[in-house]
Amino acid sequence: MGDPTAAAASCSKLRQIKRWLRKNLLLLVTVSGVFFGVVLGVGLRPLHLSPDAILLVSYPGELFMRLLKLMILPLVIASLIAGAASLNAKMNGRLAIRTMVYFLLTSLFNAALGVALALVMHPGDPETKRILGAGTEHREVNILDGFLDLGRNIFPDNLFQAAFQQAHTVYVPRQVYVRNGTENDTAIASVDIDILKANIRMVRDIQYREGTNTLGIIFFCLVFGTVLGTLGRKARVVVEFFSAVDEVIMKMVTGVMWLTPIGVSSVIAGKILSVENLGLVTVQLGWFIFTVVLGVLLYQLVFMQLIYLAIVRRNPFKFYCGLIQATLTAFATASTAAALPVTFRCMDQKVKVDSRVSRFVLPIGATVNMDGTALFVSIASVFIAQINEIPLGMGEYVTIALTSTAASIASASVPSAALVLMLIVLTAIDAPVQDVSLLFAVDWFVDRVRTTNNMLGDCYAAAVVEHLSSAELKSSPSHGAIVRNIGDKETQEHASATGNGHAGNGHILPLTRSDLKGSETSETAAMLEVVRIQEPAVHKK
């Protein structure tokens, strides 16, 4: 007979393995989906599939992306309003300041890291341009227009329009006519005046393009939620409504997550199949790709972990591993905004960050925090200068770092936005902007790599802000307690620092005698009011 102790230990280990597999099954099949997509795409390339066949391969991934994007708007609106309403205006202001300072410093650090890596690795070789040919990009952009558009989108003039359009500046040709003569306006009708046609000028014009104005919606929801939280009991029903919507969307996200393996493999395989001259481009731009990937991994695995360890003082790699599901989704979709529903789920269930902070930081970070973009833009700008044999001094390198940071903040959370931002940086250092098009062929991959940096930067920002705000969060319960004085029918807000109470209806209501000390309301009346609020109406028989 075998040792019963060994058999029991073996059964216990087996149960632990089964429990771990059950808990991480979705993650395992998602990782398998990524590898399967790569193998499928590389394996089908020799067949030279028709465009229709490639479309069919990538179609499930397209549907998966549409499902994720479908949930962004209701999730952002509900989570921001419910989260802002649970905190007072002063607390919301502190969270906003800490979040924006963190985003600004990390973006600047990534831009400087990109410049340093480009100098050390020197990915740009003049022979590359002779083989790939000259660029064809001739758009002109202005960093001033980017920041002005940022302000226009933060303060939209129509909230419903912001749900599907965002403002941007374009330059349109205008014909300027000049009168030849000195006649005044009253004489124009009776005197013939020679009209001279002047040169065509490019004039700024504010237009609207397709895409959700996430910044405008975030601003409105934060203000709406903050004011809603000041109304006390009168706003309880509204806060509960948005909290319920948030929970419903998160349950829907859980269902969509099971489609991740199919969607991820389809997206990756479709992208690999759609790239022309993959071998030639990879060989010629391989060192550039390696430099960008090295910078992303260096920041993720070293500097990001050191920041977390120094400030939060917890195991950073445990936090990092809890975000693998969201990282893979961001890699597949190449959009921080599209991965936002999955990121919320990981922050809530895996790494256990306070939902009030994550609901506040993540939507803002998905729009303005572009750590990976700043890193990529700085490396790519130095790369283009190197292939054109343009000497750069310390002033130009500082300009690249600062301009990359500013351009990354002004960018929108859409795929391949960094290529447009590069035009701003290249203009600042007088480099040929048309060579941006040389990177189009590899941006499908590099964009996905840097998007993981953007997404993880948002998550680590939420963890750091939560730690820095821990004292305020502890003294501010998830929802303000309400004690109603029945005698004089006045409503008083009670913020219990001890956290005692019940949050079932969206408010912390005092359930102990110590919570009622100092209140003019009698304990009996207050407790009766609590019961009346907490329990649903009972129908008489």
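Reading guide: rules and limits
- Residues numbered from 1 in each chain as written.
- Predicted model: local features only at pLDDT ≥ 70, side-chain atom pairs only at ≥ 80, totals over all residues.
- Heavy atoms only, no water.
- UniProt positions renumbered as here; feature names shortened; annotations may be inferred.
- Helix = DSSP H or I, 4+ residues; strand = E, 2+ residues; numbered from the N terminus.
- Buried < 20%, exposed > 50% of the residue type's maximum accessible area, 1.4 Å probe, protein only.
- Contact = heavy atoms within 4.5 Å.
- Areas by Shrake-Rupley, 256 points an atom, 1.4 Å probe, with all protein chains shown as cover.
- pLDDT = per-residue confidence, 0-100.
- Phe/Tyr/Trp six-rings, centres within 6.5 Å; stacked < 30°, edge-to-face > 60°.
- Lys NZ or Arg CZ within 6 Å of the ring centre and 35° of its normal.
- Core = buried A, V, L, I, M, F, W, Y, C linked by side-chain atoms within 4.5 Å.
- Disulfide = S-S within 2.5 Å.
- Axes fitted to C-alpha atoms, helices over the stretch in contact; angles between N-to-C directions.
- Left-handed = near helix turned anticlockwise from the far one by under 90°.
- Salt bridge = Lys/Arg side-chain N within 4 Å of Asp/Glu carboxyl O.
- Parallel < 35°, antiparallel > 145°, perpendicular 65-115°, else oblique.
- Patch = residues over 30% accessible without salt bridge, like charges linked within 9 Å, V, L, I, M, F, W, Y side chains within 5 Å.

The name an unreviewed UniProt entry assigns to the protein is Amino acid transporter, from the organism Cloeon dipterum. Under the heading Subcellular location (unreviewed entry), UniProt records this for the protein: "Membrane". You can read under Sequence similarities (unreviewed entry) in the UniProt record for the protein the words "Belongs to the dicarboxylate/amino acid:cation symporter (DAACS) (TC 2.A.23) family."

Our next topic: the overall build of the protein. Along its length, the protein carries 22 helices and four strands. In the protein, buried positions account for 48% of the 541 residues. Taking as baseline every contact in the protein between residues at least 6 positions apart, the subset at least 24 positions apart corresponds to 81%. For the protein, the accessible area works out to roughly 27200 Å², and carbon and sulfur atoms hold 63% of it.

Here we take up the confidence of the model for the protein. Summarising the model, the protein shows a mean pLDDT of 78, and 77% of its residues fall at 70 or more. Across the protein, the secondary-structure element scoring lowest on mean pLDDT is strand 3 (residues 481–485), at 33, and the one scoring highest is helix 12 (residues 286–311), at 93. pLDDT under 50 marks residues 187–193. Its contacts with residues more than four places away, or in other chains, come to six contacts. Overall, residues 479–541 carries pLDDT values under 50, and its contacts beyond four positions in sequence, including any with other chains, amount to 96 contacts.

Summed over the entire model, instances satisfying the criterion amount to 15 aromatic pairs. Ring centres 5.2 Å apart and planes at 20 degrees place the aromatic pair Trp287 and Phe290 in the stacked group. Pair noted here: Trp287 and Phe290 are both in helix 12, with a separation of three residues, about one helical turn. You can call Trp287 partly exposed: its relative accessible area is 42%. What makes Phe290 partly exposed here is its relative accessible area of 40%. Through successive ring pairs, a cluster of aromatic residues spans Phe220, Phe224, Phe241 and Phe242. Its end group placed over the ring of Phe344, Arg359 keeps NZ or CZ at 4.6 Å from the ring centre.

A few words now on the nonpolar core. It is characteristic of soluble globular proteins that their nonpolar side chains tend to be buried jointly. Counting 120 residues, the largest nonpolar core has Phe288, Phe319, Leu323, Met347, Phe376, Met422 and Tyr460 as its most contacted members. With 13 residues, helix 20 (residues 440–468) is the single largest residue contributor to this core.

Here we take up the state of the cysteines. With the rule as written, the count across this model stands at zero disulfides. With no disulfide of its own, Cys459 lies 7.7 Å from the sulfur of Cys346, the closest cysteine sulfur. Accessibility expressed as a relative area gives 0% for Cys459, which makes it buried.

Moving on, we come to the environment of Ser469. Checked against the element boundaries, Ser469 lands in the loop between helix 20 and helix 21 (470–475). Ser469 gets classed as buried once you look at its relative accessible area, which sits at 0%. Taking the C-alpha atoms as reference points, Ser469 and Val357, 112 residues apart in sequence, are found 9.1 Å from one another.

A few words on the packing of helix 3 (residues 51–85) against helix 8 (residues 214–229). Where helix 3 meets helix 8, the axes come as close as 7 Å, and the angle between the chain directions of the two elements is 35 degrees. The handedness of the crossing between helix 3 and helix 8 comes out as right-handed. Residues Leu73, Val76, Ile77, Leu80, Ile81, Ala84 and Ala85 of helix 3 form the contact with helix 8, whose participating residues are Ile217, Ile218, Cys221, Leu222, Phe224, Gly225, Thr226, Leu228 and Gly229.

Across all of its chains, the model carries nine salt bridges by this definition. Here Asp149 makes a salt bridge to Arg152, at a shortest N to O gap of 2.7 Å. Placement of both Asp149 and Arg152 in helix 6 (residues 143–154) is noted, with a separation of three residues, approximately one turn of the helix. When its relative accessible area of 10% is taken as the criterion, Asp149 is described as buried. Here Arg152 falls in the partly exposed class, since its relative accessible area comes to 33%. Between Asp447 and Arg450 there is a salt bridge, and its shortest N-O distance comes to 3.2 Å. With Asp447 and Arg450 both in helix 20 and three residues apart, the pair spans about one turn of that helix.

Now for the packing of helix 3 against helix 9 (residues 236–257). In the contact formed by helix 3 and helix 9, the axes pass within 8 Å of each other and the chain directions differ by 150 degrees. The orientation of helix 3 relative to helix 9 falls into the category roughly antiparallel. Pair helix 3 / helix 9 crosses with left-handed handedness. Note on element contacts: helix 9 touches helix 3 through Val239, Phe242, Ser243, Val245, Asp246, Ile249, Met250, Met252, Val253 and Val256, opposite Phe64, Leu67, Leu68, Met71, Pro74, Leu75, Ile77, Ala78, Ser79, Ile81, Ala82 and Ala85.

Turning to a nonpolar patch on the surface, a few remarks are in order. A contiguous nonpolar patch, built from Leu297, Leu301, Val302, Leu306, Leu309 and Phe317 and spanning about 500 Å² of accessible area, is present on the exposed surface. If one sorts the elements of the nonpolar patch by residue count, helix 12 sits on top with five residues. When you line up the elements, Leu297 lands in helix 12.

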